[in-house]
Amino acid sequence: MHTLTTTHGVAAAGIPAARPVPSSRRRIVAIARNTFREAVRDRVLYNLVLFVLLLSVGAVFLGAASASQDAKIIVDFGLTATLLFGALIAIFVGVGLVWKEMERRTLYAIFAKPVGRTEFLLGKYLGLCVTLAVNLVVMGAGLTLVLLSIRALSTALALVLWSTVALIYLELTVLTGVALLFSAFSSPVFALFASLAVFLIGHFTADLKALATLFDAAAPRAALVALHHALPNLSTFVVITPAAHGVGPSADYMVTALAYAVAWDVALLAAAALAFARRDFK
Amino acid sequence: MSRLATTASRRSLGLVLALVLGFGSSVALARTLDRGAPALRVALDDAAPYVSPQIARRLTAGFGGLVADWYWLTTLQYVGRKLEEQTQAETAAGRTVAELDRIKAVNPRVLVRLIELITTLDPRFTAVYEFAAIVLPAVDGAAAVALVERGIESNPDQWYLHQQLAFIYWQRGDYLAAADAFRRGARMTTATWMEHMAERMESRGDDPKVAQAMYARMYEQAQDHQVKQWALNRLMEVRSLRERQVIREVLAGLVSATGQCPRSWSEAAAALRAAGLTVDTQGPPIDPSGTPYVLVVTRRGCDVTLHRASTVPRG
């Protein structure tokens, strides 16, 4: 039987026509939007309340206890909290992105529609990245307000502060990729531990390279250098200590860090997509 | 009420009781533990951090600044505790309150280790060098010099650290080294006062006017209000020492003119005013803290001293 589909999607012969399949980009955006909504529904953003509370209490008490170093300590404390809160969200929510859909069996309903596995992963990844961006913007704004309230904020410091927040965000996108990769092929418990391990080791990879120089033999030296390159060097994105003294990363550094994060994001998502494509959901 | 509901409410009551009992006893136990804590705290008070600064830097990865802040607060608490202990001891002995640069009770091993930890984790934390330059020389001058030199090396743009270094040398009576430190600082700034200080250090390092200029600059540059207050106290002390010297000269002049000591300040008021001192309407000269000086008349002669209520440091 022939069906004539009009531009309004109604069959001329009165038989409902199949809806036009949305483009791949729109499918990814739809999944990303749902992931963000789900994160909000799951009260992920509630951590902001705790963050604001910590900062406010810190601002009140540190002024008296730190011998005029309250601004430095608030910046150190605020940015470290921003990174740790963000990292915990990226890892804990990241490892649950795939697993929750499987647990609730909604994954089958999604794949029954014209949604590819790679699109699903990309959508999930972008959704969590948006959640993290909202989180970081609010945290950065909170920190800025606290510094304003103690009259310690200059334009230069604000610039340094937001550059540092931007670098933290880049680290979180890499961490989200790591969590997604592990959750694409393993159990949530393994994915959680492996992601936490990458987060910890990622801040020490520079030491692996330094350690390699201590060996005379080529084999262990090459192994350590290889390990250094096999793991993301997350310490690249942490410039909190200089930021507390008003020293920020240069524009060149920011661009290189952005390129480094994008390179890792692409590699991690590609690996996750490859692993996810081979995963058996039966 | 059904039997099931009664059992449920009994269970709830039991749980509430357990909660109250558990929480209540934890509060009571915490109080008992706190009572035993001072002895334990004394034992731990002088325990230096066991992690070496280099290892701490490796372990903290990119979060060195926050850990440095933690150790900074620990250092302030440690010094504050020692300052309080010494103040209590000196007040009991009838002396004046202890000052930041005269805390002998501080364990140099602990303080040096703490400051080394902080400055290794965060070498740009300049307030720490400032603090070390004032507190540390009383117990370990060499360590104070080494720390501030390291601070200068790590912060080549912070010229005022040279002033801290000059202060340490000046306190030790090494005026040439102090002058050298000022000269090194002068090369980094367009402010000419550092060069002037270097010249004065070389010619008359022990001059009270040099001391006054030194403390005035320390007061101006201080980041910490505690250090500012300390510099202000030292300025009061230097000014009071000079005033007492002038008062003694006035009293000596009166004794040689009349053959006897004045019986009260009112008899010396005109001469004191003429010598440029601030004099109360009743006659006594006023010290920099706003308290009248005390006239001491004995068989051997007359002298001036600070009033018990005066906040001018007594050295």
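The structure this text deals with has already been given above.
Summarised in this report is the structure supplied together with it. In this text the structure is predicted, and so the values were computed from the model without any measurement.

Conventions adopted
- Residues numbered from 1 in each chain as written.
- Chains lettered and ligands numbered in written order.
- Predicted model: local features only at pLDDT ≥ 70, side-chain atom pairs only at ≥ 80, totals over all residues.
- Heavy atoms only, no water.
- Pairing = 2+ DSSP bridges.
- Helix = DSSP H or I, 4+ residues; strand = E, 2+ residues; numbered from the N terminus.
- Contact = heavy atoms within 4.5 Å.
- Core = buried A, V, L, I, M, F, W, Y, C linked by side-chain atoms within 4.5 Å.
- Buried < 20%, exposed > 50% of the residue type's maximum accessible area, 1.4 Å probe, protein only.
- Buried area = accessible area lost by both parts, 1.4 Å probe.
- Salt bridge = Lys/Arg side-chain N within 4 Å of Asp/Glu carboxyl O.
- Polar contact = N/O pair within 3.5 Å; in protein donor to acceptor, adjacent residues only side chain to side chain.
- Disulfide = S-S within 2.5 Å.
- Phe/Tyr/Trp six-rings, centres within 6.5 Å; stacked < 30°, edge-to-face > 60°.
- Lys NZ or Arg CZ within 6 Å of the ring centre and 35° of its normal.
- Patch = residues over 30% accessible without salt bridge, like charges linked within 9 Å, V, L, I, M, F, W, Y side chains within 5 Å.
- Areas by Shrake-Rupley, 256 points an atom, 1.4 Å probe, with all protein chains shown as cover.

Further remarks concern the pairing of strand β2 (residues 301-305) of chain B. In the sheet, strand β1 (residues 294-298) of chain B pairs with β2 of chain B via 5 bridges, with the strands oriented antiparallel. In the strand pairing of β2 of chain B, Thr298 of chain B is matched with Gly301 of chain B.

Let's shift gears to the environment of Ala179 of chain B. All names here are of chain B. By the secondary structure assignment, Ala179 is in helix α8 (residues 175-186). Expressed as a C-alpha distance, the spacing of Ala179 and Met194, which sit 15 residues apart in the sequence, is 8.9 Å. In contact with Ala179, other than residues within four places in its own chain, are Ala198, Met201 and Glu202.

Further remarks concern the nonpolar core. Counting residues in hydrophobic clusters, the biggest one holds 142 residues, and the most contacted among them are Leu79 of chain A together with Leu100, Trp170, Phe182, Met201 and Trp230 of chain B. Here this core takes 16 residues from helix α6 (residues 155-185) of chain A, the largest share from any one element. Once residues lying within four places of it in the same chain are set aside, the contact partners of Leu100 of chain B are Val79, Leu83, Phe131, Ile134, Val135, Gln226, Val227 and Trp230 of chain B. Within the second largest apolar cluster, 16 residues are counted, among which are Ile247, Val250, Trp265 and Val304 of chain B.

You'll often see interface size given as the accessible area lost when the parts meet. Counting from both sides, the interface comprises 20 residues of chain A and, opposite them, 21 residues of chain B. Roughly 1,700 Å² is buried in total at the junction of chain A and chain B, and carbon and sulfur atoms are behind 63% of that figure. Counting across the interface, chain A meets chain B through 2 salt bridges. A salt bridge links Lys72 of chain A to Asp69 of chain B, with the nearest nitrogen and oxygen atoms 2.7 Å apart. Our count for the contact surface shared by chain A and chain B stands at 5 residue pairs in polar contact (both at pLDDT 80 or more). At the level of elements, α2 (47-65), α3 (70-103) and α10 (240-243) of chain A are the ones that each hand at least two residues to the side of chain A that touches chain B. If one sorts the elements of the side of chain A that touches chain B by residue count, α3 of chain A sits on top with 6 residues.

Residue and element names in this part refer to chain B. Applying the stated criterion across every chain, the model contains 1 disulfide over all chains. Through a disulfide, Cys261 is tied to Cys302; the S-S separation comes to 2.3 Å. Residues Cys261 and Cys302 are joined by a disulfide whose S-S torsion is about -85°; by sign, that bridge is left-handed. Of this pair, Cys261 sits in the loop between α11 (225-258) and α12 (269-274) while Cys302 is found in strand β2, placing the two residues 41 residues apart along the sequence.

Let us now look at the side chain of Asp69 of chain B. Relative to the helices and strands, Asp69 of chain B resides in helix α3 (residues 64-92). Apart from residues lying up to four places away in sequence, Asp69 of chain B is in contact with Lys72, Ile73 and Asp76 of chain A together with Phe125 of chain B.

All names here are of chain B. Under the defined criterion, the tally for this structure stands at 22 salt bridges over all chains. Among the salt bridges present, the one from Glu243 reaches Arg239, with a minimum N-O distance of 3.5 Å. Of this pair, Glu243 and Arg239 both sit in helix α11, 4 residues apart, which is roughly one turn of the helix. Its relative accessible area of 7% is what places Glu243 among the buried residues. In this structure Arg239 comes out as partly exposed when scored by relative accessible area, which is 34%.

This next bit is on the packing of aromatic side chains. Scanning the entire structure with this criterion turns up 17 aromatic pairs over all chains. Sitting over the ring of Phe125 of chain B, Lys72 of chain A keeps its end group 4.4 Å from the ring centre. Of note, Arg117 of chain A hangs over the ring of Phe276 of chain A, and the distance from its end group to the ring centre comes to 5.9 Å.

Next up on the list: a nonpolar patch on the surface. A grouping of Leu50, Leu53, Leu54, Val57 and Phe61 of chain A is seen on the molecular surface, where their side chains present a nonpolar patch of about 480 Å² in accessible area. Classification of Leu54 of chain A by relative accessible area gives partly exposed; the value is 35%.

Attention now goes to unusual backbone geometry. Residue and element names in this part refer to chain A. In this model, Arg105 sits at a positive phi of 60°, which is unusual for a non-glycine residue. For Arg105, the location among the structural elements is in the loop between α3 and α4 (106-112). Among the residues examined, Arg105 registers a relative accessible area of 57% and is labelled exposed. Although it is not a glycine, Arg151 adopts a positive phi angle of roughly 55°.

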